[in-house]
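This is what each chain is made of:
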Amino acid sequence: MADAATPHVFASALKTFKTASGRQGKYWSLPELAKQFPNIAKLPVSIRIVLESVLRNCDGQKVAAEHVEQLANWQPTAERTEEIPFVVTRVVLQDFTGVPLLADLAAMRSTAKRLDKSPKTIEPLVPVDLVVDHSVMVDHYGTPQALDLNMKLEFSRNKERYQFMKWGMQAFDTFGVTPPGFGIVHQVNLEYLARGVYKSADDRADVATWYPDSLVGTDSHTTMINGVGVVGWGVGGIEAEAAMLGQPVYILTPDVVGFELTGQLREGVTATDLVLYVTQILRQEKVVGKFVEFFGPGAASIPVPDRATIGNMAPEYGATMGFFPVDEKTIAYFRGTGRTDEEIERLEAYYKAQGLFGMPAPGALNYTKTVKLDLSTVTPSLAGPKRPQDRIDLGHLSGRFTELYSKPNEANGFNQPADKLAVRHDIALDGKQVSIGNGDVLIAAITSCTNTSNPSVLLAAGLLAKKAVEAGLTVKPHVKTSLAPGSRIVTDYLQKTNLLPYLEKLGFYLAGYGCTTCIGNAGDLASEINDAITGNDLVCAAVLSGNRNFEARIHPNLKANFLASPPLVVAFAIAGNVTVDLMTQPVGKGTGGKDVYLGDIWPSAAEVDELLRFAMDAQAFRRNYEQIAANPGELWNSIKGVQGEVYDWPTSTYIAEPPFFEGFGMEPKATETGVTGARVMALFGDSITTDHISPAGSIKESSPAGQWLKAHGVGKADFNSYGSRRGNHEVMMRGTFANVRIKNLMLPAGADGSREEGGLTLFQPNGEKMYIYDAAMKYIEQGVPTVIFAGEEYGTGSSRDWAAKGTQLLGIKAVVARSFERIHRANLVGMGVLPLQFLGSDSWQGLNLKGDEKVDVVIPGELKPQRDDVKLVIESADGSRNEVTVRLRIDTPIEVEYYKHGGILPFVLRQLLQG
C-alpha cells in the first residue's frame, strides 16, 4: 500500500461495498478503474483478480502506476514482454518443501545475528501455513492397525524435523503448522485455510479494506485452489520465500486460454476421466506459462470438488493455473464446508461489487484462444504408463500395454521381447505359492490430492467395493492396497454411509492422511516380489488415483504406472493385471465361480448422488478443523522444539544450516557474466522432470547419499526418504540427478540400443565413469565449471526447489535446453544458474555433442532479459571449434538483479537488512 503521506495514484478507485445484512467494507474497485480503462470490462476474470492486487499495492516503488496501466490494457494476443509484480495474500507450504524454506529463514536469522543486525528483521510479512502431509509412508497396509502403525513410524523417523517446525511456530509470528494426520495441504487449503476475502492484520480502520484471497504454494498442485476462484499457483520454495518476505511474485504477463465446457458427463464417467481428457487436450495445446480459465454452461454445472480436481492437474497440462470463477457453486461449497455466514456473505458481496461473480458465458470475455470440450464425449480412461498426459481409453489399456511391452524406450516402451509377456514366475510369499508376471498390479492405491477428497469418486469407490464384496470378489494377497484420503472428512462420510467396511474387506484399510503413493511414499514391496521383478526383468504395474506417474516415482521396481479414478483402482486391484480388458472381460470370479463384469459392480450416478449429502456436513468440517489447535494429537504434543528467535543448529542428519549465505556481505561479489572452460556434466533427452533431477523417493544404500548417511552412523532402516531429509544439503546435493531411471546420454548405448540408467557421468578428460555427485566434487576441486544440455520440457514436475539448489551446489553454471518448465526455469535463475534455450530447431544432438567438449558461454555487453545473442563456443576434443547462438532465459529485469546478487535469497536478505 502507498505511504499515508503519499496519495495513491488511483485513490478514486477506493470504494465501499455492502453485504446483504448491511455490513460495510472498502475495496479497490475495478468497475471504477474501468471508467479510466474501459478494456477492463472484457478482461478474463483471473487477470482482473491479479489487476486488483497490482492496483491495491501500487506504491510507486515495487509496484508502479504503469504496471496498473499495462495490465488494465491487457490484449489477448499481444507480445508478452512486460512483467507483473503480483503481491499475494498468503503462502502455503507442505512439509517436504516447507522444511528447507524454514531452514533458509533460520539461516537468514543466523546471518543477521552474525552481522549484528536484529534477527527479528527476518519475519514473514504475510500469513504462512505449513501442512505436514508428505511424511507418512505406507509401511503397513491391509490391516485395521495400518494408520496407527504408520503414524508412529512417521513420528519416530521425523522427530528432528518436527522439532524444527515447532521452533518455527514459536519463532515467527505469522507461521502456522497443521500437524500430521489432518490431510493433504491442497485439501486442507480448500476446506479450511481459504477464507474467500481478507483484510490486512494491521487494518484498524472503522471500515476495513477487503481484498481477494490469492497465494503461492511450494507444491505445483497449489492450483487445486483455483476451483474456488482463488488465483494461486505453485512456485519453488525460493520464490515462496521472497513472497513471504514482502517481495512481489514477478511473472510475465500471461496469455489466457479460455476453455469452454458444454454438455454433461455421461453415466459411468467420473471427474477423473474428465481431468485426463482436459490434461491431454491442454498438453497438446501447449499451454505452458499460460493461464487457463474455464467458462460456459458445462463449467457452471460442475461442482467445486470436480473443479478443484481439474485445477489441481494444471501442472500436468503445463498451465500456470486452471481457474474457475466464483459463482453459486462456490458459495454452496463454502457453506457446506463450515465457513461462517459472515464470511460467505462478505465473499458474495465483494465479488458482486467487483463484477466478478458468476460463470462467464461464451463471448462475454476476451481470451487469447478458446478451446472447447463437450462433456458428453468423455469416456472412462486411465493415463500412463509413464506420463499423466498419455490418456488411454479404458477399453484400449490391455492392447496399449501389450504394444508398449516390446516397443523401444524412445517410443515410451519397455524394450522387452514379445514372447516373454505371458511368462509367469512362482514365488513363496508368507508361506503361500504366488504367481508373478508382466502387467501384474502390485500397488493399488487410492491416494493423492487430486481424487481422495472428491466425494463423487470416493463414494463411487466405496459403492463399487460394496458390490464387489457382495458378489464374492477378492483381491490377491500380493497386491499392496491402501487408502490415504486428503482429509479426515473422507473417513467421516465413508463411515456414515457404511462403505468403509467394504473397502477394508478388499484390503483398502486407512493407511494415513497424506501424499503417500503419489510422491513415492508407497513403502516397499516384499523382498520376494522385488527379487522376482529384478531377477526376471518384469514390467509390473501400479494403479493409483494420483496425478503423477513419472518413471521410478511410485516404486523404483515398478515400470508401468497408471493414473485412474478411485473406483477403477479398486477394480484393477481385483482384476490383478492391466492386460485384463475390463470393458469385455470379467473383473474376476465371484461366488460359485461366476464371472463378474465391471458393469455388474459399477455404481450408477443416482446411487452416488444419493450419498453426497453425507459429504457436505458443515458441522463435521468445523469439528474436524477445530482439532488443529484444540487436540492435534498425543504424538504431536509429545514433540518439544527449541525455543528462541535464532535456531541453534543441533547436530542432525535431517536439519543443517544451508550454505547459501556463506561469506555473505552487504554488497554482492562481482561475478563474471557467462562461463569459461566448462565441462559437460550430462547430455539429457526430452522430458527430464524434477523427479529425475531432484532427490526424491527412497535412498539407495550404494548411492552417494546412502554412503554419507552410513558414514554418519545412520542404518539403512533409518534412511527415511530424500523428501524427509530436504533440510540437510549434504544429503540433498548427493541425491541430485541420482534418480535410478535417469539416462545420461553421454554414456554410450549398449549393443541392443539400451541405455544405462542412474545418476552417472563420464569425468573428463579421461572419460572415467562415476556418480554425477563424485564428478561434480572433482570438478569443483579443480575449479572447473560445468554445464548440462537437455531437450524439450526440461524441469517439468513438482515445484521442487532442490532441483535448482542441488544443481547450484554441484557447481553447474548453466543449463542449455530446447524448452523449460516455468517453475524450474525461474528457480534456476533464483539460484544463480543460467537457463539458456536453443533457437529454432537447434539441439545438442544437431551439434553432435559427445560430452567430452569444453564450453564457453559468451554474453556480450550488459546482462539484459531474454537476449537472443548469447553464444555457446564449443571446443571438441580434437581442438575444432563450433559456435551456436542461444536465448538467455533470464526473463525479467528483477531476475537480472537476482542473478547479479548470486540468487534471490542473498538479494532478499540484503534488502531486509538494509530496510
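One structure accompanies this document, and this report is about it.

Judged by nonpolar contacts, the single largest core of 228 residues is most densely connected at Val91, Trp233, Phe508, Val570, Phe737 and Tyr794. With residues near it in sequence (within four places) discarded, Val91 still touches Val126, Pro127, Val128, Asp129, Val216, Ala240, Ala243 and Met244. Membership of the second largest hydrophobic core comes to 48 residues, among which are Ile302, Val371, Ile436 and Ala445.

A few words on the pattern of salt bridges. Tallied over the entire structure, the rule returns 49 salt bridges. A salt bridge links Glu52 to Arg56, with the nearest nitrogen and oxygen atoms 2.8 Å apart. In this pair, Glu52 and Arg56 are both assigned in helix α2 (residues 45–56), 4 residues apart and thus about one turn of the helix distant. Under the relative-accessibility criterion, Arg56 is labelled buried at 7%. The salt bridge involving Lys710 is made with Glu701; its shortest N-O contact spans 3.2 Å.

So, about unusual backbone geometry. Here the bond from Gly384 into Pro385 is cis, since omega is 5 degrees, no more than 30 degrees from zero. Looking at the element boundaries, Pro385 is found in the loop between β16 (381–383) and β17 (391–393). With omega at 15 degrees, the peptide bond leading from Gln764 into Pro765 counts as cis. Turning to its location among the elements, Pro765 is positioned in the loop between β27 (760–763) and β28 (768–771). Positioned with a positive phi, Asn720 is a non-glycine residue whose angle comes to about 60 degrees. For Asn720, the location among the structural elements is in the loop between α26 (704–711) and α27 (729–735). In this structure Asn720 comes out as buried when scored by relative accessible area, which is 10%.

Once that is clear, we can look at helix α14 (residues 341–353). An α-helix turns once per 3.6 residues; consequently, residues spaced three or four apart project the same way. The end-to-end C-alpha distance of α14 is 18 Å, a good match for the 18 Å that 13 residues give at a rise of 1.5 Å each. Residues of α14 that are buried include every one of Glu343, Ile344, Arg346, Leu347, Ala349, Tyr350 and Tyr351, and no others. Of the surrounding secondary structure, the elements contacted by the buried residues of α14 are β1 (14–18), β2 (24–28), α2, β7 (197–198), β8 (211–212) and α13 (328–336).

Residue placement: Asn547 occurs in the loop between β22 (541–544) and β23 (560–563). For Asn547, a relative accessible area of 1% corresponds to the buried category. A polar side-chain atom of Asn547 sits 2.9 Å from a polar atom in the side chain of Asn312. Ignoring sequence-local partners within four residues, the contact set of Asn547 consists of His221, Asn312, Met313, Glu316, Pro388, Ser448, Cys449, Thr450, Cys518 and Leu563.

Read around the closed barrel, 7 strands run β26-β29-β30-β31-β34-β33-β32, paired in mixed fashion. When strand polarity is set aside, the average angle formed by the axes of neighbouring strands in this sheet is 40 degrees. Across 4 bridges, the pairing between strand β30 (residues 812–817) and strand β31 (residues 834–838) is parallel. Across the sheet, Val816 pairs through a bridge with Leu836, a residue of β31. Across the sheet, helix α28 (residues 772–781) is in contact with β26 (675–683) and β29 (786–789); its angle to β26 comes to roughly 170 degrees.

Further remarks concern empty space enclosed by the protein. Tallied over the entire structure, the rule returns 11 cavities of 30 Å³ or more. Around the second largest cavity sit 21 residues that line it, and Gln187, Glu191, Tyr333, Ser453 and Pro455 are the ones nearest its centre. Of all the secondary-structure elements, those providing two or more residues to the lining of the second largest cavity are α7 (185–193), α11 (304–312) and α17 (488–496). Of the residues assigned to the lining of the second largest cavity, the class counts are 13 nonpolar, 7 polar and 1 charged.

This brings us to the sheet that holds strand β6 (residues 175–178). Across the sheet, 5 strands lie side by side as β6-β5-β4-β9-β10; this open sheet has parallel pairing. The sheet is open, and its two borders are formed by β6 and β10 (231–234), each paired with just one other strand. The average angle at which neighbouring strand axes cross in this sheet is 20 degrees, direction not considered. Where strand β4 (residues 90–94) meets strand β5 (residues 128–131), 4 bridges bridge the pair, whose relative direction is parallel. Residue Val91 lies in a different strand from β5, and its bridge partner there is Val128.

Conventions adopted
Residues numbered from 1 in each chain as written. Predicted model: local features only at pLDDT ≥ 70, side-chain atom pairs only at ≥ 80, totals over all residues. Heavy atoms only, no water. Core = buried A, V, L, I, M, F, W, Y, C linked by side-chain atoms within 4.5 Å. Buried < 20%, exposed > 50% of the residue type's maximum accessible area, 1.4 Å probe, protein only. Contact = heavy atoms within 4.5 Å. Salt bridge = Lys/Arg side-chain N within 4 Å of Asp/Glu carboxyl O. Helix = DSSP H or I, 4+ residues; strand = E, 2+ residues; numbered from the N terminus. Expected span 1.5 Å × (residues − 1). Polar contact = N/O pair within 3.5 Å; in protein donor to acceptor, adjacent residues only side chain to side chain. Pairing = 2+ DSSP bridges. Axes fitted to C-alpha atoms, helices over the stretch in contact; angles between N-to-C directions. 1 Å grid on protein atoms, 1.4 Å probe; cavity = no way out; pocket = protein on both sides within 12 Å on 5 of 7 lines; lining within 4 Å. Points joined across faces, edges and corners; volume = space filled by probe spheres on them. Nonpolar A, V, L, I, M, F, W, Y, C, P; charged D, E, K, R; others polar.

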